[in-house]
Amino acid sequence: MSSDKSAVTGILDELNRLVGECESALGQASSLDAVEAARVEFLGRKGRLAQAMSAMASLPGEDKPAVGKAANEAKARLNELLDEAQQARKRAAAAAAYADFDPTVPGRAPLPGSLHPVTLAMEEVATIFQRLGFEVVAGPEVENDWNNFEALNMPPDHPARDMQDTLYVTDSILLRTHTSPLQVRTMLAKKPPVAIIAPGKVYRRDSDLTHTPMFHQIEGLLVDTRTSMGDLRGVLAHMCRKLFGEDTRTRFRPSFFPFTEPSSEVDITCSICKGEGSCKGSPCRVCKGTGWIEILGCGMVDPNVFASVGYDPEKYVGWAFGMGVERIAMLKYGIGDLRMFFENDLRFLGQFC
Ligand code: DAH
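Treat the numbers as computed from the prediction; the structure is a model and nothing was measured.

For the rest of this paragraph, the subject is the overall build of the protein. Scanning the protein from terminus to terminus reveals 11 helices and 12 strands. Taking 2.2 N^0.38 as the reference for a compact globule, 353 residues should give roughly 20 Å; the C-alpha atoms of the protein span a radius of gyration of 40 Å, well beyond that estimate. Counting only C-alpha atoms, the protein reaches 120 × 55 × 35 Å along its principal axes. For the protein, the share of sequence-separated contacts (at least 6 apart) that also reach a separation of at least 24 residues comes to 68%. Taking the average place of the 39 positive charges on the side chains of the protein and the average place of its 46 negative ones, the gap between the two points comes to 3 Å.

Grouped together as the largest cluster of nonpolar side chains are 42 residues, with contacts concentrated most on Met239, Ile295, Leu296 and Phe321. Those elements that place two or more of their residues in this core are helix H5 (117–131), strand S6 (214–224), helix H8 (229–244), strand S8 (260–269), strand S11 (292–301), strand S12 (317–324), helix H10 (325–333) and helix H11 (346–349). Take this core: its biggest share by element is 7 residues, from H8. In this structure Ile295 touches Met239, Cys240, Phe244, Val266, Asp267, Ile268, Met323, Gly324, Arg327, Ile328 and Leu331, once residues within four positions along its chain are discounted.

Below, the discussion takes up the pairing of strand S5 (residues 194–203). For S5, a buried count of 7 out of 10 residues is recorded, marking the element as mostly surrounded by other parts of the structure. Of the strand pairs in this sheet, strand S1 (residues 135–136) and S5 are connected by 2 bridges, and their pairing is parallel. Across the sheet, Glu135 pairs through a bridge with Ile196, a residue of S5. For S5 and S6, the ladder comprises 10 bridges, and the chain directions are antiparallel. Opposite Ile196, over in S6, you have Leu221 as the bridge partner.

Near the ligand lie 16 residues; those nearest to it are His178, Ser180, Arg204, Gln217 and Glu219. The contact in question runs from an oxygen atom of the ligand to an N or O atom on the side chain of Gln183, over 3.0 Å. Protein contacts shield 91% of the accessible area of the ligand, which totals 350 Å² for the unbound molecule. At the level of elements, S6, S11 and S12 are the ones that each hand at least two residues to the shell around the ligand.

A separate point is the domain arrangement of the protein. Split by domain assignment, the protein resolves into domain 1 (5–99) and domain 2 (117–352). Placing a centre on the C-alpha atoms of domain 1 and another on those of domain 2 gives a separation of 81 Å.

Under the criterion given, the structure shown has 0 disulfides. Here Cys284 is not cross-linked by a disulfide; its sulfur's nearest cysteine counterpart is in Cys287, at 3.6 Å. The exposure class assigned to Cys284 is buried, which follows from its relative accessible area of 2%.

This brings us to the sheet that holds strand S3 (residues 168–170). Reading across the sheet, the 3 strands line up as S2-S4-S3 and stay open at both edges, with antiparallel pairing between neighbours. The two strands at the open ends of the sheet, each matched to only one other strand, are strand S2 (142–144) and S3. The mean angle between the axes of side-by-side strands here comes to 30°, regardless of whether they run parallel or antiparallel. In terms of strand pairing, S2 meets strand S4 (residues 173–175) through 3 bridges, oriented antiparallel. Looking across to S4, one finds that Asn144 is bridged to Ile173.

For helix H4 (residues 64–99), with 36 residues, the first-to-last C-alpha span of 52 Å sits near the 52 Å given by 1.5 Å per residue. Turning to H4, its buried residues number three or more, namely Val67, Gly68, Ala70, Ala71, Ala74, Leu78, Leu81, Leu82, Ala85, Gln86 and Arg89. Packing partners of the buried residues in H4 comprise helix H1 (5–28), helix H2 (32–43) and helix H3 (48–54).

Moving on to the pattern of salt bridges. The tally for this structure, following the rule as stated, stands at 19 salt bridges. The shortest N-O distance in the salt bridge between Glu73 and Lys69 comes to 3.4 Å. Here the residue Glu73 and the residue Lys69 both occupy positions in helix H4, the gap between them amounting to 4 residues, near one helical turn. Where salt bridges share partners, they join Arg251, Arg253, Glu265, Asp267 and Glu294 into one cluster.

The strand order across the open sheet built from 7 strands is S1-S5-S6-S12-S11-S8-S7, with neighbouring strands paired in mixed fashion. Across the chains shown, the open sheet's two edge strands, defined by having one partner strand only, are S1 and strand S7 (250–257). Two elements, S6 and S12, share 8 bridges in a ladder whose sense is antiparallel. Across the sheet, Val223 pairs through a bridge with Gly318, a residue of S12. Of the strands in this sheet, S1, S5, S6 and S12 are in contact with H5, which crosses S6 at around 5°. Together, S7, S8, S11 and S12 form the strand contacts of H8, whose direction differs from that of S11 by roughly 150°.

So, about the pairing of S8. Within S8, 8 of the 10 residues are buried, which leaves it mostly tucked inside the rest of the structure. Examined bridge by bridge, S7 and S8 share 7 bridges and lie antiparallel to one another. Each bridged residue has a counterpart across the sheet, and for Arg253 the counterpart in S8 is Glu265. Where S7 hands over to S8, the hairpin turn is made up of 2 residues, counted between the paired strands.

Definitions and cut-offs
- Within every chain, residues take consecutive numbers counted from 1 along the sequence as written.
- Selection of residues for local features in this predicted model requires a pLDDT of at least 70, selection of side-chain atom pairs for listing and counting requires 80 or more, and totals for whole chains, interfaces and linings are taken over all residues.
- Only hydrogens and water are removed before side-chain values are computed, so all heavy atoms of the structure are retained for them.
- Numbered from the N terminus, helices here are DSSP runs of H or I no shorter than four residues, and strands are runs of E no shorter than two.
- Two things to know: the radius of gyration comes from C-alpha atoms, and the globule rule equals 2.2 Å times the number of residues to the power 0.38.
- Throughout, a residue-residue contact means that at least one pair of heavy atoms, one from each residue, lies within 4.5 Å.
- In this charge count, Lys and Arg are treated as positive and Asp and Glu as negative; neither His nor the chain ends contribute.
- Positions of charges follow a simple convention, taking NZ of Lys, CZ of Arg, CG of Asp or CD of Glu.
- Grouping buried Ala, Val, Leu, Ile, Met, Phe, Trp, Tyr and Cys residues that are joined through side-chain atoms within 4.5 Å yields what is termed a nonpolar core.
- Exposure is judged per residue with a 1.4 Å probe applied to protein chains only, and the accessible area is read against the type maximum: over 50% gives exposed, under 20% gives buried, and values in between give partly exposed.
- Strands are labelled as partners when DSSP assigns at least two bridges between them.
- We call a residue near a molecule or strand whenever a single non-hydrogen atom of that residue lies within 4 Å of it.
- Two N or O atoms form a polar contact when they lie within 3.5 Å of each other; inside protein one atom must be a possible hydrogen donor and the other a possible acceptor, and for residues adjacent in sequence the pair counts only when both atoms belong to side chains.
- With residues, only the protein chains shown are counted as cover, and all accessible areas are computed by Shrake-Rupley using a 1.4 Å probe.
- Domain borders in the structure are assigned automatically or taken from a domain database.
- When the sulfur atoms of two cysteines come within 2.5 Å, that pair is taken as a disulfide.
- Axis lines are fitted to C-alpha atoms, over the contacting stretch for helices. Their N-to-C directions set the angle, which ranges from 0 to 180 degrees.
- Here, expected helix span is obtained from the residue count minus one, scaled by 1.5 Å.
- We define a salt bridge as a side-chain nitrogen of Lys or Arg found within 4 Å of a carboxyl oxygen belonging to Asp or Glu.

Shown next, in the form of structure tokens:
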């Protein structure tokens with residue numbers, strides 16, 4: 001086949017034309033989408049350039065190099081035009097977005113957070129004990145039966161377990177019912193002297209006006225070669241005065257806990273009626289007219305507990321106590337309803353900054 005001038009000119013004209021048309025199409029394209037549509041129209045698989053190039057197939061061999069070169073140049077130019085148009089539209093969109101931005105409008109201040117009253121009470125108790133040289137320790141909320149019950153002198157059929165039913169993960173793994181397993185964990189991990197305070201969440205199968213299935217406790221433990229119930233009493237009286245005011249009095253009432261012997265419950269003079277039992281002539285509702293409020297359980301560590309953790313009961317003595325933090329916070333901040341702690345109402349929580 002010999003050179004076909006008219007066919008060559010036809011293709012070259014078409015290449016010139018489509019570059020020109022692409023240029024004017026982009027002049028009209030006001031959005032990124034329109035630029036993309038032009039890219040498909042001119043450079044797509046079945047687009048204008050592809051069509052022009054398919055006409056090349058029927059040209060004689062000697063015409064192909066010149067036409068091929070022109071087609072490549074047209075393609076490069078189209079790409080250049082389309083890329084420029086795309087960048088220009090992107091810059092315009094960014095500028096438009098910035099035009100709506102008014103840097104003089106005052107910002108929205110983030111709500112200042114505050115600590116939950118239960119956290120505040122826990123921190124306050126922990127601080128009182130840290131000043132006395134106690135170390136703060138923590139442990140897992142998912143605990144094993146041995147740490148939670150057995151090592152604390154509560155074998156499987158012990159009746160005291162009835163009051164502490166909980167969620168069992170397996171037969172021997174459970175959500176801890178108190179912070180007392182921290183006594184066990186601490187004593188297994190180190191030798192006396194030991195003085196710890198252990199705040200944390202605990203779980204029980206309890207839910208009514210005055211009980212929630214999850215609540216907080218603080219455990220305390222001191223073990224040494226010499227200490228006494230007198231020390232326990234002095235330390236707890238100090239804590240109560242610091243927490244509820246210097247005029248707060250304490251009394252110990254005999255009680256029972258499997259892990260302490262002897263055991264005691266501690267009452268403080270009611271912070272509402274100041275131990276009077278009545279407010280403005282009518283019986284105080286917080287202490288039910290008695291003038292006293294129970295706040296914790298305590299006692300001398302039972303020798304059986306020492307034996308479980310490998311401490312020599314002949315050599316060491318110790319005392320322990322455990323208290324409910326919600327109760328402490330209610331008394332301290334004058335909160336009448338336990339449920340308020342868990343409703344997450346910011347009007348309530350915001351009062352304890
Ligand atoms: N663990 C007890 C409870 O949850 C509270 C308690 C009482 C802890 C006496 C103690 C203690 O360490 O000595 O009811």
